[in-house]
Amino acid sequence: MEHSFRIFGDRIHQALESRVPFLSAKFRALRIPRWAFLTCLALIGTLFAHQQSQAEGRIHWLRENAPSAATWQSILFRRGFSLIEDPAWREKAVAEMPENSRWKATSLISEDRYWVALKTSGEWAYFRRGGTGTTKFGGQVVKRELWEDLGVGWAGIARIDQMDLPDIHLPRSTEPNPAISWRDSRSIEF
């Protein structure tokens, strides 16, 4: 068996030698020390380790210095989301959360951009697009595979501020406001 492997290795070596071009005499005379190659490899490894360390440090900082629930609520209320307080619905929604969302300071948004789920201090908070304040009605639970990651901590807030959300049409009040019931179109206000 060893003999057949040796023959096979020799054939591969001969095939590769016949395909490799010959080096010129000047290039053969140029000797690069072995430590130069090891230094280059060490430098590449150091740069890779530094980048990984920075990424891990950034994620650690974002998790430890996450925005409070009040900050999230004010941002989401401004964007047209309302907090859902139905305990039965929240229990169903927690069962449908993705497995990778078990970390603190996690924020998720549904694929259709109508639902936001936050985990700030240990329990989930759910927001639904349409209105401000709180609502008792939860609606249909979002399936596990339809959640998208917004980001960790402040990165999630930055992303939701930049995100284009779908338009919602809220019914307007049918009562006319008596202060603005009639106004002369020719009047000028300063």
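Anything mentioned here points back to the structure above.
Keep in mind the model is a prediction, meaning the values are calculated, not measured. (Residues numbered from 1 in each chain as written. Predicted model: local features only at pLDDT ≥ 70, side-chain atom pairs only at ≥ 80, totals over all residues. Heavy atoms only, no water.)

Asker: Any chance you could break down the environment of D112 for me, citing the residues and the numbers?
Answerer: Topologically, D112 is positioned in the loop between β2 (106-110) and β3 (115-119). Counting along the chain gives 36 residues from D112 to E148, while the straight-line C-alpha distance between them is 9.8 Å. Polar contacts involving the side chain of D112 include one to the main-chain amide nitrogen of Y114, which spans 3.3 Å. (Helix = DSSP H or I, 4+ residues; strand = E, 2+ residues; numbered from the N terminus. Polar contact = N/O pair within 3.5 Å; in protein donor to acceptor, adjacent residues only side chain to side chain.)

Asker: Describe in detail the packing of helix α4 (residues 69-78) against helix α6 (residues 154-162), supporting the description with residues and values.
Answerer: Relative to each other, α4 and α6 sit at 10°, their axes nearing to 11 Å. Put simply, α4 runs roughly parallel to α6. Touching T71, W72, I75, L76 and R78 of α4 are W154, G156, I157, I160 and D161, all from α6. Its residues assigned to classes, the contact of α4 with α6 shows six nonpolar, two polar and two charged. (Axes fitted to C-alpha atoms, helices over the stretch in contact; angles between N-to-C directions. Parallel < 35°, antiparallel > 145°, perpendicular 65-115°, else oblique. Contact = heavy atoms within 4.5 Å. Nonpolar A, V, L, I, M, F, W, Y, C, P; charged D, E, K, R; others polar.)

Asker: Outline a nonpolar patch on the surface, listing residues and values.
Answerer: A contiguous nonpolar patch, built from F8, I12 and L16 and spanning about 300 Å² of accessible area, is present on the exposed surface. Classification of L16 by relative accessible area gives exposed; the value is 53%. (Patch = residues over 30% accessible without salt bridge, like charges linked within 9 Å, V, L, I, M, F, W, Y side chains within 5 Å. Areas by Shrake-Rupley, 256 points an atom, 1.4 Å probe, with all protein chains shown as cover. Salt bridge = Lys/Arg side-chain N within 4 Å of Asp/Glu carboxyl O. Buried < 20%, exposed > 50% of the residue type's maximum accessible area, 1.4 Å probe, protein only.)

Asker: Requested: an account of the layout of surface pockets, with residues and values cited.
Answerer: In this structure, the largest pocket spans a volume of roughly 160 Å³. Going through the elements one at a time, α4, β1 (81-84) and β4 (124-129) are the ones with two or more residues in the lining of the largest pocket. Counting residues per element, the lining of the largest pocket draws most heavily on β4, at four residues. Its residues placed into classes, the lining of the largest pocket shows nine nonpolar, three polar and three charged. (1 Å grid on protein atoms, 1.4 Å probe; cavity = no way out; pocket = protein on both sides within 12 Å on 5 of 7 lines; lining within 4 Å. Points joined across faces, edges and corners; volume = space filled by probe spheres on them.)

Asker: Explain the pattern of salt bridges residue by residue, including any values.
Answerer: On inspection of all chains with the given rule, the structure shows three salt bridges. The salt bridge involving E123 is made with R90; its shortest N-O contact spans 3.1 Å. Here the residue E123 occupies a position in the loop between β3 and β4, and R90 occupies one in helix α5 (residues 87-95), the gap between them amounting to 33 residues. Residue class for R90 comes out partly exposed when judged on its relative accessible area of 23%.

In short, shape yes, function no, at least from these values alone.
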